[in-house]
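A structural walkthrough
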Amino acid sequence: MRSLRFLGIGCVVGVMILAASFDGQERPITIHVGTLLDGKGGMQRNTAVVVQGSKILKLDPSAANPTYELGTLTMLPGMIDVHVHINGHFGKDGRADNREETAAQQAYYTAENAYATLMAGFTTVQSVGAQTDVDLREAIARGTIPGPRILTSIQQINENSGGPDKLRQIVRGLKAEHADVVKIFASKSIREGGGQTMTDDQLVAVCGEAKTQGIRTMVHAHAAEAIKAAVRAGCGQIEHGVFVDEEALKIMADRGAYFDPNIGLVLQNYLRNKPKFLGIGNYTEEGFAYMQKAIGLNVAMFKKALATPGLQMPMGTDAVAGAHGRNADEIIARVEGGQKPMDAIISATSLAAKSLNMGSTIGSIAPGMEADIIAIEGDPIADISALTRVTFVMKGGRVYRNTR
Ligand SMILES: [Zn+2]
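Okay, so let's go over this structure. (Residues numbered from 1 in each chain as written. Predicted model: local features only at pLDDT ≥ 70, side-chain atom pairs only at ≥ 80, totals over all residues. Heavy atoms only, no water.)

Below, the discussion takes up the overall build of the protein chain. Helices and strands together make up the secondary structure of the protein chain, namely 13 helices and 15 strands. Across its three principal axes, the protein chain shows a C-alpha extent of roughly 85 × 45 × 40 Å. Evaluated residue by residue, the protein chain yields a buried proportion of 53% over its 404 residues. For the protein chain, the proportion of contacts with a sequence separation of at least 24, taken over those separated by at least 6, is 67%. On the protein chain, roughly 17,400 Å² of surface is accessible, and the fraction owed to carbon and sulfur atoms is 54%. For the protein chain, the separation between the mean place of its 41 positive charges and that of its 41 negative charges on side chains is 4 Å. (Helix = DSSP H or I, 4+ residues; strand = E, 2+ residues; numbered from the N terminus. Buried < 20%, exposed > 50% of the residue type's maximum accessible area, 1.4 Å probe, protein only. Contact = heavy atoms within 4.5 Å. Areas by Shrake-Rupley, 256 points an atom, 1.4 Å probe, with all protein chains shown as cover. Lys, Arg positive; Asp, Glu negative; His and termini not counted. Charge placed at Lys NZ, Arg CZ, Asp CG, Glu CD.)

What follows deals with the layout of surface pockets. Of the volumes computed, that of the largest pocket is approximately 660 Å³. If you go around the largest pocket, you meet 31 residues; those closest to its centre are N87, G88, H89, T110 and T132. In terms of residue count, the dominant contributor to the lining of the largest pocket is helix α2 (residues 103-119) (six residues). Class assignment for the residues of the lining of the largest pocket results in 17 nonpolar, eleven polar and three charged. Its volume calculated, the second largest pocket comes out at about 570 Å³. Along the walls of the second largest pocket sit 30 residues, with F185, S189, R191, H220 and H240 positioned nearest its centre. For the lining of the second largest pocket, the secondary-structure elements that each account for two or more residues are β8 (156-157), β9 (181-185), β10 (216-223), β11 (237-243) and α8 (266-272). Ranked by residue count, the leading element in the lining of the second largest pocket is α8, at three residues. Considering only residue class, the lining of the second largest pocket consists of ten nonpolar, 14 polar and six charged. (1 Å grid on protein atoms, 1.4 Å probe; cavity = no way out; pocket = protein on both sides within 12 Å on 5 of 7 lines; lining within 4 Å. Points joined across faces, edges and corners; volume = space filled by probe spheres on them. Nonpolar A, V, L, I, M, F, W, Y, C, P; charged D, E, K, R; others polar.)

Within a regular strand, side chains alternate between the sheet's two faces. Inspection of the sheet shows strand β1 (residues 29-37) paired to strand β2 (residues 43-52) by eight bridges, in the antiparallel sense. Across the sheet, residue L37 finds its bridge partner in β2, namely M43. Hairpin connection of β1 to β2: five residues between the antiparallel strands, including G39 at a positive phi of 90°. With four bridges joining them, β2 and strand β3 (residues 55-59) adopt antiparallel strand pairing. Counterpart to V51 in the pairing with β3 is I56. The turn linking β2 back onto β3 is made up of two residues, and G53 within it adopts a positive phi angle of 60°. (Pairing = 2+ DSSP bridges.)

This brings us to helix α10 (residues 285-306). Here α10 is 22 residues long and its end C-alpha atoms lie 32 Å apart, about the 32 Å a rise of 1.5 Å per residue gives. Of all bends in α10, the biggest is about 30°, found at L297. Against the buried residues of α10 lie β11, α7 (246-255), β12 (258-260), α8, α9 (274-277) and α11 (329-336). (Expected span 1.5 Å × (residues − 1). Bend = angle between axes of the 7 residues up to and from the residue.)

With that settled, the discussion passes to the state of the cysteines. Applying the stated rule across the entire model yields one disulfide. Sulfur-sulfur distance for the disulfide between C207 and C235 comes to 2.0 Å. Across the S-S bond linking C207 and C235, the dihedral sits near 95°, which makes this disulfide right-handed. Taken together, the residues span a long stretch of sequence, with C207 in helix α5 (residues 200-213) and C235 in the loop between α6 (224-232) and β11 at a distance of 28 residues. Summarising the burial analysis for this pair, C207 and C235 share the class buried. (Disulfide = S-S within 2.5 Å.)

Time to look at the sheet that holds strand β6 (residues 122-127). Reading across the sheet, the three strands line up as β5-β6-β7 and stay open at both edges, with parallel pairing between neighbours. At either end of the open sheet lies a strand with only one pairing partner, and these are β5 (79-84) and β7 (149-152). Strand-to-strand, the axes of this sheet are offset by a mean angle of 15°, without reference to chain direction. As paired strands, β5 and β6 are joined by four bridges and run parallel to one another. For M79, the partnering residue across the bridge sits in β6 and is F122. (Axes fitted to C-alpha atoms, helices over the stretch in contact; angles between N-to-C directions.)

On to the coordination of the zinc ion. Summarising the metal site, the zinc ion is bound by the protein donors H83 (NE2), H85 (NE2) and D318 (OD), whose distances to it range over 2.1 Å. Mapped onto the sequence, the residues coordinating the zinc ion show the spacing H-x1-H-x232-D. Just as H83 is buried, H85 falls in that class too. (Donors = N, O, S within 2.8 Å, 3.2 Å for Na, K, Ca; no water.)

So, on to the environment of A179. By the secondary structure assignment, A179 is in the loop between α4 (164-176) and β9. The buried category is assigned to A179, whose relative accessible area is 11%. Separated by 90 residues in sequence, A179 and H89 have C-alpha atoms that sit 23 Å apart. Setting aside residues up to four positions removed in sequence, A179 forms contacts with T152, S153, I154, L174 and I215.

With 44 residues, the main nonpolar core has I157, V182, I238, M252 and F259 as its most contacted residues. Where this core is concerned, the elements lending two or more residues are α4, β9, α5, β10, α6, α7 and α10. Beyond its immediate sequence surroundings of up to four residues, M252 is in contact with I227, V231, I238, V244, A257, Y258, F259 and L311. By size, the runner-up hydrophobic cluster in this structure holds 36 residues, among which are Y258, I331, I376 and Y400. (Core = buried A, V, L, I, M, F, W, Y, C linked by side-chain atoms within 4.5 Å.)

Mapped onto the fold, T117 is located in helix α2. Taking relative accessible area as the criterion, T117 reaches 1% and is therefore assigned buried. Engagement of the side chain of T117 in a polar contact is seen with the backbone oxygen of N113, the distance being 2.7 Å. Those residues in contact with T117 that sit more than four places away from it in its chain are I86, F122, V125, P148, H324, G325 and N327. (Polar contact = N/O pair within 3.5 Å; in protein donor to acceptor, adjacent residues only side chain to side chain.)

If you want it as structure tokens, here you go:
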């Protein structure tokens, strides 16, 4: 009797395994958590997220025997940084110019940056400017290199890239190469004063063609005039904006252009690592003086931006060599600059996802979303620096970190 019953259970288990392999479903993973921030402003206490395969199946407060017990932690969606340079690194000589490195050396440094970024709780980043981003994007998507989901512009377009016809051709080429976004330089670097560079005609050609091709655009711009010209040309997102004025802020808000001000990481990182950059290109003493000044200007600029009704500000850092893995510094700076902690978290989750046209797949914790889930020690609403204390990282249903 006993052996028969045992046999019976064996059959049931066998059938279940068969059923599992037939419909391709893996066993659900349950994560119990003390506090859940859903990325859209919602908060729940003492609940569990049920993950099946790569997606969130449901929230189930009554789930018993969780696979992961994170009862003392705060869970939130994997964070998103809409502006990084994932390949930027300090090489063997400790410098940022990476001269005489082999392609393989550069690739491994880039993989290290991707790993540091993922471990810091960022499960998606948009990397704007390097051809090598494409291979990294594919390698991570294959599931064997640990890193955030990568979106890339492949290259950058500036005032020297050509006339309107040539620019339209470049945009069509980027679309054919599966670029996720077009990156445009409409103004000089802050190290050279930040004045407008591309003409209005050039901006119309790039952003107009990108719209026709169904590809997003992101514009580096400091001068208020450059920002206005880019938004009037139909460009979708503005980066930096140190010299933005009220009119430019209002134009962005009115036309639904996103504004990503990069106030908390990139300039601080350049100054922190000055000897590693000094002497490369426009990283001169004068350039560093501009950057030092811009940190102060950014504080006032961000306050004006916050006070602009309807302006949408997804979170991006412009992370370069030395900054990867410290992306949350930007969110901390936003809160120090006056943004409400919940709004700052939304800017790095659901709003960032929306700006990438990925709002229905990532950036929030809800049934049907990709299972990009992190957990942190502490309450980020009370102390935003809790975002730097990441102890659990899941991306697409796979756990990459669990280090309590
Ligand atoms: Zn950048």
